[in-house]
Amino acid sequence: MDRPWPKHYDPGVPERVEHRAVGLHELLASSAGRFPNHAALVLAVHAAGRVFTSRMSYAALAAQVDRCAASLQRLGVGKGDRVAIYLPNCPQFVVAYCAALQAGAIVVPFNTLYSPREVEYQLSDCGAKVMIALDRFYPNVQKVRARTKLERVVVTSVKEHFPALVKLLYWAKQGRKEEVGSLDARDLRWSTLVAPGAPPAPVASAESETAVLLYTGGTTGVSKGVELTHRNLVYNAEMNCAWARMEDGCHVTLGALPLFHAFGLTCGLNLSLLTAGTLVLVPNPTDLPGLAKTMQLMQPTVFPVVPRMLVGLSSLPGLERLKLDSVKVCPCAGSALAPAVQRTFEEKARFRVMEGYGLTECAPVAMGNPVYGENRSGTIGVPYPDTEARIVDVETGTRELPFEAGGEWTEPGEIVVRGPQVMKGYWNAPDATANQLKHGWLHTGDIGQMHRDGYFRIVDRLKDLIIRSGMKIYPAEIEKVLAEHPQVREALVVGMPDPTRGELVKAFVVAKPDVAPPTEEELLAFCRENLAKFKVPSAIEFRLSLPSSAVGKPLRRMLREERAA
């Protein structure tokens, strides 16, 4: 299909980025050499109604990474070995991440919400022999390690980098008790890992080699390890840098998204290391009052978010009175951003939110609304530099879909993406890799449409499609309508089995806390006014909360499984 539209609606963004063929770990060395005294990390802890901070310069971070890398090598970690990181957002995560890469290892971040069963699955799948874990997660590891290849666990405490006053408050609350008393004889504490010693042996890493194994959230099935190479991750950081027109040494990023997730890792940590920026680490992003106070104190310029975070912040009393206009770049992804949610947040916070699109398999960003161009609500923007995207038919995945007759959008179909950020493949899963990567294109599993001028929009996940009496229904469309209701905070829609019609539409709704809750009939009447008859839910169930992943991605699958059980 001939597409005459301009690639970008921001003349300051190049169609191709100037890529540096370097290993991911070399980003820190470069920034530390240019900005040694600049703050690399700020740990922000909300306690006793205040935000306390501790800082680490680029020179100090690089020195600690060197010591950690040398210690990992002495523990037997070599090229291609997997090092597991089971930590929240804290300086130890960053040090361990950079050190493992410097030692030539593959980093495997673990979701901090994992149960022992999930820890065992991921440890067994990746084959890690060394793990750096938070002390309160250590019991989870001990329960399962006998059935894995894990040899060593390095245990660290949440208070290692706390400011002095926060340590006193913490000790007063905990009674100076350690979360973990004695360790297994094979294991050691963080202080040993970063103790001074001989420098690490240099290890060369090729661009094509796997740097990080990021496991998918399992929102639609079994979690898989996504192999992201040094090239994938460095290139995607460079794309984000060009997209936001970021200059070295000038930006403060609020790291509220977990670093074990692709969005937080690339748009938080990797982008900060690339640009010698300051990354403000927020260990507990669910503490929304603390998050707002941290924003007020640190005045970030970059704030990556997910829609659920915007919903929570919008509900905070007095948000509109805070000075938050330091934020210049606010990418939002992870799930569909309802226009009502975006509108409400922007009115209160007084800065723009740019919806984008990506997935772990894209390291993760593939598209976005321009930061300094046309920010088109209800779309995911246009492809990033060096990135191509198409809409193809769901049946064969090969036929590019035309524009609807007389319309501005293509027919709905699967979004496929091609670019240097697309994964190497799935770890030890050749069949799954072949199913996802076809003829150089990544098949995303997302249904979308493309506008004639190049903007894309998401319709829904292919696996979430509801078919009722032969009619196709996309849950996201119904969720957006429900989000427009003034008494609704958020909603999820799923298909429920029905013997006569195949599936029925059921909505799960959380009402806003500061208004009278709506009735089921009121919401159904609202849906009938704004949706075709066959899309109107058959039932609405009110909940106090809805299931979501650690990064706020809605988990429709859990609702389906719950109802089936």
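Along each chain, numbering runs from 1 in the same order as the chain's sequence is written. With the structure being a predicted model, the display of local features is reserved for residues of pLDDT at least 70 and the display and counting of side-chain atom pairs for 80 or more, all residues being used for whole-chain, interface and lining totals. With hydrogens and water excluded, all non-hydrogen atoms of the structure serve as input to the side-chain values.

Student: How would you explain the overall build of the chain if you had to name every residue and give the values?
Tutor: Along the backbone of the chain there are 16 helices and 26 strands. Whereas a compact globule of 565 residues would reach a radius of gyration of roughly 24 Å, the chain reaches 24 Å, a difference of no more than 12%. Its C-alpha atoms give the chain principal-axis dimensions of about 70 × 55 × 50 Å. The buried share of the chain, reckoned over its 565 residues, is 59%. Contacts are assigned to residue pairs that have any heavy atoms within 4.5 Å of one another. A sequence separation of at least 24 residues applies to 70% of the contacts in the chain between residues at least 6 apart. Here, Shrake-Rupley sampling with a 1.4 Å probe gives the accessible areas, and only protein chains in the shown set may cover a residue. Carbon and sulfur atoms provide 53% of the accessible area of the chain, an area that totals close to 22,600 Å². Residues scored as positive are Lys and Arg, those scored as negative are Asp and Glu, and His as well as the terminal groups of each chain are ignored. In this description, the location of a charge corresponds to atom NZ of lysine, CZ of arginine, CG of aspartate or CD of glutamate. Taken together, the 64 basic and 59 acidic charged side chains of the chain have centroids lying 5 Å from each other. Helical segments are the DSSP runs of H or I of at least four residues, strand segments are the runs of E of at least two, and each set is numbered from the N terminus. For the radius of gyration, the atoms used are the C-alpha atoms, and the globule rule reads 2.2 Å times the number of residues raised to 0.38. Each residue is assigned to one of three classes by its accessible area relative to the maximum for its type, calculated with a 1.4 Å probe on protein chains only: buried under 20%, partly exposed between the two thresholds, exposed over 50%.

Student: Run through the pattern of salt bridges, naming residues and quoting values.
Tutor: Two side chains bearing opposite charge may form a pair once their charged atoms approach each other closely. The salt bridge criterion pairs a side-chain nitrogen of Lys or Arg with a carboxyl oxygen of Asp or Glu, the two atoms within 4 Å. Across all of its chains, the model carries 21 salt bridges by this definition. Between Glu490 and Arg308 there is a salt bridge, and its shortest N-O distance comes to 2.9 Å. Residue Glu490 is located in strand 24 (residues 488–498), and its partner Arg308 is located in helix 11 (residues 307–314); the two are separated by 182 residues in the primary sequence. Overall, the relative accessible area of 23% leaves Arg308 in the partly exposed class. Linking Glu400 and Arg390 is a salt bridge whose minimum nitrogen-to-oxygen distance equals 3.9 Å. Residue Glu400 is found in the loop between strand 16 (388–392) and strand 17 (413–418), and its partner Arg390 is found in strand 16; the two are separated by ten residues along the sequence. Here Arg390 falls in the partly exposed class, since its relative accessible area comes to 28%.

Student: Got a sec to walk through unusual backbone geometry? Specific residues and values, please.
Tutor: For the peptide bond that leads from Ala363 to Pro364, omega is -5°, which places it in the cis range. Tracing the sequence through the fold places Pro364 in the loop between strand 13 (354–358) and strand 14 (365–368). The phi angle at Gln299 is positive, at roughly 50°, despite the residue not being glycine. Relative to the assigned elements, Gln299 resides in the loop between helix 10 (288–298) and helix 11. With a phi close to 65°, Ala363 is a non-glycine residue in the positive phi region.

Student: Report on helix 4 (residues 116–126), specifying residues and quantitative values.
Tutor: One full turn of an α-helix is made of 3.6 residues, so residues set three or four places apart face in the same direction. Among the residues of helix 4, those classed as buried are Val119, Gln122, Leu123 and Cys126. The arc enclosing the buried residues of helix 4, seen along the axis, measures out at 100°, which places them on a common side. Buried residues along helix 4 sit against strand 3 (82–86), strand 4 (106–109), strand 5 (130–134), helix 5 (138–144) and strand 8 (210–215). Two residues or fewer after helix 4 comes Gly127, characterised by a positive phi angle close to 70°. What the arc covers is the set of directions going from the helix axis to the C-beta atoms.

Student: Explain the sheet that holds strand 14 to me, using residue names and the numbers behind them.
Tutor: Strands pair, by our definition, only if DSSP identifies at least two bridges between them. Here we have four strands laid out as an open sheet, ordered 12-13-14-15, and mixed in their pairing. Looking at which strands have only one partner, the edges of the open sheet turn out to be strand 12 (331–332) and strand 15 (382–383). Of the strand pairs in this sheet, strand 13 and strand 14 are connected by three bridges, and their pairing is antiparallel. Within the sheet, the bridge partner assigned to Gly358 lies in strand 14 and is Val365.

Student: Which residues make up the packing of aromatic side chains, and what values do they have?
Tutor: A pair of aromatic rings is counted whenever rings of Phe, Tyr or Trp (Trp by its six-membered ring) have centres within 6.5 Å, and the orientation is called stacked for planes under 30 degrees apart, edge-to-face for over 60 and tilted otherwise. Taken as a whole and judged by the stated rule, the model has six aromatic pairs. Seen from their ring centres, Tyr86 and Phe137 are 4.5 Å apart, and the 25° between their planes marks the pair as stacked. Here Tyr86 is found in strand 3, whereas its partner Phe137 is found in the loop between strand 5 and helix 5, with 51 residues between them in sequence. This pair shows no difference in class: Tyr86 is buried, exactly as Phe137 is. Members of the aromatic cluster, connected to one another through ring pairs, are Tyr86, Phe110, Tyr114 and Phe137. Its guanidinium or amino end placed over the ring of Tyr426, Lys224 lies 5.0 Å from that ring's centre, counting from NZ or CZ. One residue, Arg452, lies across the ring of Phe403, its end atom 4.3 Å from the ring centre. For a lysine, the NZ atom is tested; for an arginine, the CZ atom; a charge sits over a ring if that atom is within 6 Å of the ring centre and within 35 degrees of the ring normal.

Student: Tell me about the sheet that holds strand 26 (residues 539–542), and please be specific about residues and values.
Tutor: Overall, mixed pairing links the three strands, which are arranged 24-25-26 in an open sheet. Where the open sheet ends on each side, the last strands, each with one partner, are strand 24 and strand 26. Put simply, the sheet's adjacent strands are angled 25° from each other on average, direction ignored. Pairing of strand 24 with strand 25 (residues 502–511), which is carried by ten bridges, proceeds in the antiparallel orientation. Bridge assignment links Ala491 to a residue of strand 25, and that residue is Val509. Geometry is summarised by axes, namely lines fitted to C-alpha atoms with helices restricted to the contacting stretch, and by angles between N-to-C directions that run from 0 to 180 degrees. Against the sheet, helix 15 (residues 520–530) contacts strand 24, strand 25 and strand 26, and its axis sits at roughly 130° relative to strand 26.

Student: Describe helix 3 (residues 91–102), naming the residues involved and giving the relevant values.
Tutor: One fewer than the residue count of a helix, multiplied by 1.5 Å, yields its expected span. With twelve residues, helix 3 should cover 16 Å at 1.5 Å per step; its first-to-last C-alpha distance of 17 Å lies within 8% of that length. Phi turns positive one or two residues past the end of helix 3, at Gly104, with a value near 90°.

Student: Give a description of the environment of Lys424 that names residues and reports values.
Tutor: Here Lys424 lies in the loop between strand 17 and strand 18 (425–426). As a C-alpha pair, Lys424 and Glu227 span 197 residues in sequence and 5.5 Å in three-dimensional space. Apart from the residues lying within four places of it in its own chain, the contact partners of Lys424 are Ser208, Glu209, Thr210, Glu227, Thr229, Asn232, Thr433 and Leu437. A distance of 3.4 Å separates a polar atom in the side chain of Lys424 from a polar atom in the side chain of Thr210. Whenever two N or O atoms come within 3.5 Å, that pair is a polar contact, provided that in protein one can donate a hydrogen and the other can accept it, and provided that, for residues adjacent in sequence, both atoms are side-chain atoms.

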